[in-house]
Amino acid sequence: MRYIAILLFVVLMIKCRQKDNIANTDYGVDYPTPYNFQVPQGFPQPYFSSDNPLTNEGVDLGKRLYSDAILSSNGLSCSSCHRRSKSFSSPYYITPTGDKISIPPHINLVFNPDYNWNGSITKLELLPMGDFEPQFFNTNADTLFYRLSHHPLYPQLFFKAFGITNFYTLSYEELKMTICKALVQYIRTMVSANSKLDRYQLKGGALTQEEHDGMYVFFSERGDCFHCHGYPLFSDNLYHNNGLNNQFIGQDAGRNLITHAASDLGMFSTPTLRNIELTAPYMHDGRYTTLEEVVEFYNSGVKFSRTIDPIMTKPGKESGLQLTAYEKLSLVAFLKTLTDTSFISAK
Amino acid sequence: MSFNVNGVPLRVDTIQFRNLSGNSFSITRLDFYISNIEITSVTGAIYKSTKFFYVSARDTSTYHFTVNGLPLTGITSFRCCIGLSASQNISNSLTPTQANLNMAWPDNMGGGYHFLKLEGHYIASNLQVYGYAMHLGKNQNLVEITLSTPLYESQVSNGIKLAMDVAKWYNAPAKIDLNNTNYTMGIDSLMAKLSQNGKNVLSITN
């Protein structure tokens, strides 16, 4: 009887540690250890989750899982689609309803209040949950439990990050959420702030004349890009209708699909322009394959509708910016100064 | 702080309001700074605040702001500015909150911050829907407002209630017709008109 009581006590303690994510002690080391997140100069405060604080162990686990096909039954991992060379973006995805959606990059998401083009996700931890579905990882629950439990490293890594001693004490949903927490901890550390423009702004780096001229177009009424894509995030983290469409069918309805407000028809979350050179195709539906096409859209292809952003309807520029050929070239050159090679080469 | 258009409570995103020029318009965005608050008490003492406050009509959490050291007596006048004083209106000088970052005024165009972003749609004379963007910035366009509304001590015990009539940005002394003037940023003559009109947009409703 006494042994049963002790056993029950031990089991209860383990469960409590799992539920409360209490620091774990292994060989005299306390886990997990808080991650020292550095906010780059001039950046706003990041968004963290109180129920998923950044820890060294969580970030390390998430980084490993991000590139590991152990999560899938088809050999895919996050990095199969979110390729480093493309700033962790993915060209596009065809939805079950046939809509084509370009997948935004995993870059500076820690500064975003919500996610996806229409803001359908408001908690970053929920963003990877859909990846377990048949159209992506096609994860098999039994296989996932088995593989993780029998892996030479993951039992220890999950223990250190989340205090999990036995995967089988978790439900499948709990296991997926724990994996998502680890992935998101890693994603929150994916910060880009070392582009050529950053070095120019903060460290005395140089721009070419063409890039400098493009910067003028960007940050003046000529191009008027700055109102939505201001420094340093190059996104205002708001929703706008930039004049891509004047009819809003399917995914083109944008934010309206979430809010159902007529005033949100055709509005999309402003994407960051950091690493834009690497993240083609462009716009929510990936309709443009080059930056030149994007600039030409703003130059001559804007379509009017009742929700078009007021900034897009300046007098004399109702259908576009009417830039000169050189201004368009220089604007593209400037956009390429937002490429952060250290971000995509970091190990 | 509260918002109305010709006395009707502000409702964003719907074209339901009219200005003196007869334009039917909506408001999709109304963001601004309030600064340089100065209160004169019935004793003649003047209380000045160096604080500034970001207000967004879409975000009710910005409607309330606190100035310490207010007189506990009644007041004879209330002064404030819409915008930032020259010492505050310097690029990258404000804490980089998303709101402040979104109000940045490019260095190419003089630097500092937008004092005001008032945007929306209107029905143009050709009956098409267009956008308008009334943006105000640059030190010379700071909107200085004096409200000589005496308030008894009992009336200010719960604070001072400010109301902005958004239509007044268009009405006087410069009557603005959105068909002719729907974008102001960087156009000094238009921003000067907007700044003058701004002197009339606030009232005390205690």
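Throughout this description, residue numbers start from 1 for each chain and increase along the sequence as written. Each chain takes a letter, starting from A, and each ligand takes a number, starting from 1, following the order in which they are written. Reporting in this predicted model follows two pLDDT cut-offs: at least 70 for local features of residues, and 80 or more for side-chain atom pairs to be given and counted; totals over whole chains, interfaces and linings ignore these cut-offs and use all residues.

Draft legend 1. Examining the domain arrangement of chain A more closely. Residue and element names in this part refer to chain A. For chain A, the assigned domains read domain 1 (2-188) and domain 2 (196-345). Relative to domain 2, the C-alpha centre of domain 1 lies at a distance of 32 Å. With 27 residues of domain 1 at the interface, the matching set in domain 2 holds 26 residues. When residues of the side of domain 1 that touches domain 2 are traced back to their parent elements, those giving at least two are β3 (90-94) and β4 (100-103). Partitioned by chemical class, the residues of the side of domain 1 that touches domain 2 number 10 nonpolar, 13 polar and four charged. How far each domain reaches was decided by an automatic or database domain assignment. Distance between backbone-placed C-beta atoms decides contact: two residues are in contact if it is within 7 Å. Strands are runs of DSSP state E lasting at least two residues, helices are runs of H or I lasting at least four, and both sets are numbered from the N terminus onward. Classification convention: Asp, Glu, Lys, Arg as charged; Ala, Val, Leu, Ile, Met, Phe, Trp, Tyr, Cys, Pro as nonpolar; all other residues, Gly among them, as polar.

Draft legend 2. The arrangement of the environment of proline 44 of chain A in detail. Examined against the element boundaries, proline 44 of chain A turns out to sit in the loop between β2 (29-31) and α2 (56-66). A tally of 18 C-beta atoms within 10 Å means that proline 44 of chain A is categorised as partly exposed. In sequence terms proline 44 of chain A and valine 110 of chain A are 66 residues apart; their C-alpha atoms lie 10.0 Å from each other. With sequence-adjacent residues up to four places away left out, proline 44 of chain A is seen in contact with Phe111 of chain A together with Pro96, Thr97, Gln98 and Leu101 of chain B. Counts of 20 or more other C-beta atoms within 10 Å of a residue's own C-beta define buried residues, counts of 12 or fewer define exposed ones, and intermediate counts define partly exposed ones; C-beta atoms are placed from the backbone.

Draft legend 3. Molecular detail of the pairing of β4 of chain A. Residues and elements named next belong to chain A. Each pair of strands is called paired provided DSSP finds at least two bridges between the two strands. Of the strand pairs in this sheet, β3 and β4 are connected by three bridges, and their pairing is antiparallel. Counted as the bridge partner of isoleucine 94 is lysine 100 from β4. Here β3 folds back onto β4 in antiparallel fashion, the turn holding five residues, of which glycine 98 has a positive phi close to 90°.

Draft legend 4. How the structure looks around the nonpolar core. Counting 113 residues, the largest nonpolar core has Leu183 and Phe218 of chain A together with Phe115 and Met134 of chain B as its most contacted members. It is helix α6 (residues 172-188) of chain A that contributes the most residues to this core, eight residues altogether. Among the domains, domain 1 (2-188) and domain 2 (196-345) of chain A are the pair contributing at least three residues each to this core. By definition, a nonpolar core groups buried Ala, Val, Leu, Ile, Met, Phe, Trp, Tyr and Cys residues that connect through C-beta atoms lying within 7 Å of each other. In terms of nonpolar packing, the next biggest core, distinct from the first, is built from six residues, Trp117, Leu265, Met267 and Phe268 of chain A among them.

Draft legend 5. Main features of the sheet that holds strand β13 (residues 202-204) of chain B. Residues and elements named next belong to chain B. Pairing within the open sheet is mixed, and its four strands lie in the order β2-β1-β12-β13. Since the sheet does not close on itself, it has two edges, and those belong to β2 (8-9) and β13, each with one partner. Both strand β1 (residues 2-5) and strand β12 (residues 162-165) contribute to a ladder of three bridges, which runs parallel. Each residue of the ladder has a partner; that of asparagine 4, found in β12, is aspartate 165.

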